Amino acid sequence: MAELLKVENLKTQFNTEGGVVKAVDGISYHIDEQEIIGLVGESGCGKSVSQLSVMQLISTPGEIVGGEVIFEGQDLLKYKAHGSEMRSIRGAKIAIIFQEPMTSLNPVLTINQQLTEMLELHLKMSKKAARERAIELLSMVGIPSAKSRIDDYPHQFSGGMRQRVMIAMALSCSPKIIIADEPTTAVDVTTQAQLLELMKDMVERFKTSLVIVTHNLGVVARYAQRIYIMYAGRIVEEGTTKDIFGKPRHPYTIGLLKCIPRLDEEEGRKLVPIEGLPPNLINMPPTCAFLPRCSYKVGRCFQESWPPLKHLHGQHYISCYANTEERTSEPAAR
Amino acid sequence: MVEKHTSDIGFSEAPVRVSEWRRFRRVFFERKLVTFGLGVLVLLVIAAFFAPLLAPYDPYELGDAGESLLQPSGEHLMGTDILGRDTLSRLIYGARTALMVGFISVTVAGIIGIPLGIIAGYFGGVLNMVIMRAMDALMCFPMLLLALFLAAVLKEYFSGIWVVIIALSVAIIPGYARVTHGLTLSIKENDYIMAQRAMGSSNSRVMFRHILPNAFPPLIVLVTMQLGALILAEAGLSFLGIGIDPPGAAWGAMVWDGYRYLANNPVLWLAPGIAIALVVFAFNIVGDGLRDALDPRLRGLL
Amino acid sequence: MSPQQDDAILDVKDLKMYFPVTRGILRRKVADVKAVDGVTFTLKRGETLGLVGESGCGKTTTGRCVLRLYQPTAGQILFEGEDISSLSESKMRHIRSNMALIFQDPYSSLDPRQSAGSIVGEPLKIHNWVGSQSEYKDRVEQLFRLVSLDPSMIDRFPHEFSGGQRQRIGVARALACEPSLIICDEPISALDVSIQAQIINLLEELQEGIKGLTYLFIAHDLSVVRHISDRVAVMYLGRIVEITKSRTLYENPLHPYTKALLSAVPIADPFVEEKRERIILKGEVPTPLNPPSGCSFHPRCFMAVPECSQVIPPLRNVGDGHQVACIRV
């Protein structure tokens, strides 16, 4: 499949009074057409900020300080954040679904007003055509009796239904890429399953690509084809889903898999927590940010700066000096 | 906006020791105007405390025949009033009256209003209804009108300044009760209050050891702002002739006295007038600064 | 502590908690939210019972009723053999030294104006648990060490701690008066993935170390609940639909809701995921204000028959302590 979006060495920082926070510190990734990728990390690792940077939705004190975002042959970062080029991309070519279904819909406008706005703006549809399309979209995402519910206000919908509306809105202009930023964190498990299945179906139907940003390893294991693991503003491991879960090689990834309870685990399995805390992103030392928590560290880790991504095989890369292979021969979990 | 981003990037996860006091100072003194306001208030307090030392003359001492309504001069920096008393000295003593009325009223009203608000908010139900409706009823009267009414009733039992203090205290109790009630309702929703109950805390412990300290920062802001309003009200009352008995010095009364010599002796009413305006302004500015500096959303951040 | 091993520390019988919905100035009751509608379970000394379900299923309300933070509408709560469901508030206060609660949100559950030390020591003061000031200080330091916090941080304030550390403070506070029952209400769901395991392990280690410590572990995350619990009770719309040993929960779920819930939880393993059967439920959880008749799960159930809408299925034993509330099983 052809490459659709390529992000090179993207850097975003926040200039706070306490110092510069390098929220995204030189990440590179790509997404192919009709691919589902997962961007996994804990809160504060920069996964959401990286996606907002791609859309140029970073506001002060945040600032994109470097890198390229190549989409359809153009570097999006060359466009002005408030310019018309960027506006014609947001929503139309790249759409985003946020975590909070409560706050990402405007409470004083009806669903119709919010859905047709984009259709009229980007696709230049007439009011009537836009409304019909909106109803069609709503029933597609599984909202019962969409025709009568389209004039309701967001508060008349449940959390799960609101997230469906968000999905419909993201799909409305048939974008090339949909970014789902923790799309199911605020909903229950059975609703999460419904929404993820729906998103998977929609992605196939609309032939779009999907970026799932999440902290939930299970979600990406189920749906993503390739995965990027982020820690402290950088990508520490990338590979196909089977690479990452079958043969995790970065100490952080290995640690994550050992510390989460699994539904199918054997009785009496002991979790191995990752000791310590995620780092404070202000004034980071130049060495690997995972070093203080790492159980594989070698002498080189203390002397050299953050390890660059190293190619292992196929699409599998890690950013680590240590030889983690011999110790991962045992199955990572269970 | 700042808050949103910091939670996004989550660097609060790593514990950094941030001195609360340092942060408070930094935000508080960031604005020049606040520093100015604080300066005015410090001067006010000094004037009130050391009035006998600072005043060049006895403020009550009547002048000789030729000494009434003197224009400002080297001898009397702000001139004298109709009775020949030194205006500057009376101004300094007036600061005493103003501060005393302000502080005592605020304290009395706080002692009554804050517990009422906490009790109403914490227990809810009938108790809440009775207390808050009573406060609403009190609030229906304009502050000045209520004070006037109380002053008329109480005049026989108390001396001038105490009438004003009682009247103003009663007038601002509902304000305290209301604000505290609102704060209690929101603080009550926190899990740590539930935790107290789960531990078996008594109600009074929950209310006064846990809710009250958490309601304190906004209450301090309220108190500061109220002090300004009270000084203004006291001036208004004494302008209307209710308040400190002659020959005591009060700014409002001084404005009234000077008002009759509007054209020829402008200093006579301008001096207390400006003093009132300046002090009220200073309290408001400092209150504003406190509000920013005590903002809990900024806590834990540098 | 009593030496018996298998005695029940908590026995909840037909617990009901209805919250009235009122309208107008006269506060006329117009309906009931049946948050908990006939819950029965037993908790043995030293075991961990997981209470799992989606938001609004009544699991948190059940936990709070046990602590009598809510006054139950009906039912019995036997704690250490004594019915506490209608004890007076002052008698209840005394009982509360013997049960504790750990909260979900490590940010709002600690008083921001109290130092960490005085938060942990609060229960000691309330129940006059220590004799002298030095005893108090020793106990607080001991509690800090018990949850692996550095006792030198006693004077710090909550905002100076990380989420995981704050949760440790919450655990230390819960342990202060050596309670026999701790109700853990989603104790890890607000924490980062890499921190969650630290708290899970802490809770497990404490239980191994303190004889007779019993947990009622309330959570929405089935994998966590299964990991930490000896038995799991699955709740749906105010009722328990299935109780079983953790082991059999994954291998042999009987109730259709349990099956759906299990299948909705993704497993962090693409090789397992490939082979898993997925049950995607129709619709959403109905409101407890107006629950469906009969079995409240029947409108979403893939096994439902017409009879399901008529009778409320009782929780019945299907052997080996496995209880299920479904007429189709």
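Just so you know, these numbers come straight off a predicted model, no measurement behind them.

The rules behind these values
Residues numbered from 1 in each chain as written. Chains lettered and ligands numbered in written order. Predicted model: local features only at pLDDT ≥ 70, side-chain atom pairs only at ≥ 80, totals over all residues. Heavy atoms only, no water. Helix = DSSP H or I, 4+ residues; strand = E, 2+ residues; numbered from the N terminus. Rg over C-alpha atoms; globule rule 2.2 N^0.38 Å. Buried < 20%, exposed > 50% of the residue type's maximum accessible area, 1.4 Å probe, protein only. Pairing = 2+ DSSP bridges. Domains from an automatic or database assignment. Contact = heavy atoms within 4.5 Å. Buried area = accessible area lost by both parts, 1.4 Å probe. Salt bridge = Lys/Arg side-chain N within 4 Å of Asp/Glu carboxyl O. Polar contact = N/O pair within 3.5 Å; in protein donor to acceptor, adjacent residues only side chain to side chain. pLDDT = per-residue confidence, 0-100. 1 Å grid on protein atoms, 1.4 Å probe; cavity = no way out; pocket = protein on both sides within 12 Å on 5 of 7 lines; lining within 4 Å. Points joined across faces, edges and corners; volume = space filled by probe spheres on them. Nonpolar A, V, L, I, M, F, W, Y, C, P; charged D, E, K, R; others polar. Lys, Arg positive; Asp, Glu negative; His and termini not counted. Axes fitted to C-alpha atoms, helices over the stretch in contact; angles between N-to-C directions. Left-handed = near helix turned anticlockwise from the far one by under 90°.

Trainee: Provide a residue-level description of the overall build of chain A, including the pertinent values.
Mentor: A tally of regular secondary structure across chain A gives 11 helices and 12 strands. In terms of overall size, chain A behaves like a compact globule, its C-alpha atoms giving a radius of gyration of 21 Å where 334 residues would be expected to give roughly 20 Å. Across its three principal directions, the C-alpha atoms of chain A cover 65 × 50 × 40 Å. In chain A, which comprises 334 residues, the proportion classed as buried is 59%.

Trainee: Account for the pairing of strand β3 (residues 48-52) of chain C, naming residues and giving values.
Mentor: All names here are of chain C. Among the 5 residues that make up β3, 5 are buried, leaving the element largely enclosed by the rest of the structure. Of the pairings in the sheet, the one linking β3 to strand β8 (residues 214-219) comprises 5 bridges and is parallel in character. If you follow L49 over to β8, its bridge partner there is L216. Here β3 runs beside strand β9 (residues 231-236); their pairing, made up of 4 bridges, is parallel. When the bridges of β9 are listed, L51 appears paired with A233.

Trainee: Account for the pairing of strand β1 (residues 8-23) of chain C, naming residues and giving values.
Mentor: Residues and elements named next belong to chain C. Alignment of β1 against strand β2 (residues 28-44), held across 13 bridges, turns out to be antiparallel. Bridge pairing in β2 links P20 to D32. Hairpin geometry of β1 and β2 is characterised by an intervening segment of 4 residues between the two adjacent antiparallel strands and by a positive phi of about 70° at G24. Bridge count between β1 and strand β4 (residues 74-79): 5 bridges; the pairing is antiparallel. Residue pairing across strands places K13 opposite Q76, the latter belonging to β4.

Trainee: Which residues make up the domain arrangement of chain A, and what values do they have?
Mentor: The accessible area lost on association of the parts is a frequent measure of interface size. Residues and elements named next belong to chain A. Looking at the assigned domains, one finds that chain A contains domain 1 (3-224) and domain 2 (231-328). Each partner contributes to the interface: domain 1 provides 19 residues, whereas domain 2 provides 16 residues. Between domain 1 and domain 2, roughly 1,500 Å² of surface is buried when both sides are summed, and carbon and sulfur atoms account for 58% of that area. When the buried surface of domain 1 facing domain 2 is broken down by residue, D25, E42 and L217 rank first, second and third, together holding 34% of it. At the junction of domain 1 with domain 2, the criterion picks out 1 salt bridge. With its nearest N and O atoms 3.2 Å apart, the salt bridge here joins R234 to D25.

Trainee: Requested: an account of the side chain of E237 of chain A, with residues and values cited.
Mentor: Residues and elements named next belong to chain A. Mapping E237 onto the fold places it in strand β10 (residues 234-240). At a separation of 2.7 Å, a polar atom in the side chain of E237 contacts the side chain of T253. Each residue touching E237, except ones within four places of it in the same chain, is listed here: I227, Y228, I229, I244, K247, P248, R249, H250, T253, H316, Y317 and I318.

Trainee: Could you give me a rundown of the pattern of salt bridges, with the residues and numbers involved?
Mentor: Tallying each qualifying case throughout the model produces 33 salt bridges over all chains. With a shortest N-O distance of 3.3 Å, E136 of chain A and R133 of chain A are connected by a salt bridge. Of this pair, E136 of chain A and R133 of chain A both sit in helix α4 (residues 127-140), separated by 3 residues, roughly a single helical turn. Notably, a salt bridge pairs E273 of chain C with R276 of chain C, separated by 3.1 Å at the nearest N-O pair.

Trainee: Lay out the confidence of the model for chain B with the relevant residues and their values.
Mentor: Low-pLDDT stretches of the model should not have their predicted coordinates read in fine detail. Averaged over chain B, the pLDDT score is 81; the fraction of residues at 70 or greater is 90%. Here the predicted complex carries an ipTM of 0.85, next to a pTM of 0.84.

Trainee: Can you explain empty space enclosed by the protein? Please cite residues and give values.
Mentor: Applying the stated criterion across every chain, the model contains 9 cavities of 30 Å³ or more. Roughly 120 Å³ of internal volume is contained in the largest cavity. Lining the largest cavity we find 14 residues, and of these M199 of chain B together with M99, A100, R173 and A174 of chain C sit closest to its centre. Elements supplying a minimum of two residues to the lining of the largest cavity: α9 (191-199) of chain B together with β6 (99-102) and α5 (163-175) of chain C. Tallied by class, the residues present in the lining of the largest cavity amount to 10 nonpolar, 2 polar and 2 charged.

Trainee: How would you sum up the interface of chain A and chain C? Please name residues and give values.
Mentor: If you look at the interface, chain A gives 45 residues, while chain C gives 43 residues. Carbon and sulfur atoms make up 58% of the area that chain A and chain C hide from each other, which totals about 4,000 Å². Of all residues in chain A, the largest losses of buried area upon contact with chain C belong to T190, R222 and L263 of chain A, amounting jointly to 21% of the total for that side. At the junction of chain A and chain C, the tally comes to 6 salt bridges. The salt bridge involving E204 of chain C is made with K270 of chain A; its shortest N-O contact spans 3.3 Å. There are 22 residue pairs in polar contact (both at pLDDT 80 or more) connecting chain A and chain C. Those elements giving two or more residues to the side of chain A that touches chain C turn out to be α6 (159-171), α7 (189-206), α8 (217-223), α9 (241-246) and α10 (251-259) of chain A.

Trainee: I'd like to hear about the environment of P112 of chain C, residue by residue, with values.
Mentor: All names here are of chain C. Summarising the element assignment, P112 is placed in the loop between β6 and α3 (116-126). When its relative accessible area of 26% is taken as the criterion, P112 is described as partly exposed. C-alpha separation for the pair P112 and F157, spaced 45 residues apart in sequence, amounts to 6.7 Å.

Trainee: So what's going on with the side chain of R64 of chain C? Which residues, and what values?
Mentor: Structurally, the position occupied by R64 of chain C is in helix α1 (residues 59-66). As a buried residue without a salt bridge, R64 of chain C has its nearest oppositely charged side chain in D185 of chain C, at a separation of 4.2 Å. When near neighbours in sequence (up to four residues on either side) are disregarded, R64 of chain C contacts D191 and M194 of chain B together with L69, Y70, F103 and D185 of chain C.

Trainee: Requested: an account of the packing of helix α5 (residues 87-123) of chain B against helix α10 (residues 203-239) of chain B, with residues and values cited.
Mentor: Residue and element names in this part refer to chain B. Packing of α5 against α10 leaves a shortest axis separation of 8 Å and a crossing angle of 145°. As α5 packs across α10, the resulting crossing turns out to be right-handed. Grouping the amino acids of the contact of α5 with α10 by side-chain chemistry returns 20 nonpolar, 5 polar and 1 charged.

Trainee: How would you summarise the sheet that holds β6 of chain C if you had to cite specific residues and measurements?
Mentor: Across the sheet, 8 strands lie side by side as β6-β7-β8-β3-β9-β10-β12-β11 (chain C); this open sheet has mixed pairing. Unpaired on one side and paired on the other, β6 and β11 (316-317) of chain C mark the two borders of the sheet.

Trainee: Kindly report on helix α9 (residues 256-264) of chain C, identifying the contributing residues and their values.
Mentor: Where burial is concerned, most of α9 of chain C is hidden: 8 out of the 9 residues are buried. Buried residues belonging to α9 of chain C abut α7 and α8 of chain A together with α7 (222-228), β9, β10 (239-245) and α8 (246-251) of chain C.

Trainee: Please give an account of the sheet that holds strand β6 (residues 94-97) of chain A that cites residues and values.
Mentor: Residues and elements named next belong to chain A. Taken together, 8 strands build an open sheet; the order of strands is β6-β7-β8-β3-β9-β10-β12-β11 and the sheet is mixed. Each edge of the open sheet carries a strand with a single partner, namely β6 and β11 (310-313). For this sheet, the mean inter-axis angle between neighbouring strands, taken without regard to orientation, is 20°. Bridge count between strand β9 (residues 226-231) and β10: 6 bridges; the pairing is antiparallel. Paired with Y231 across the strands is R234, a residue of β10. Seen against the sheet, helix α1 (residues 47-54) touches β3 (36-40), β6, β7 (177-181), β8 (209-214) and β9 and runs at an angle of roughly 145° to β8.

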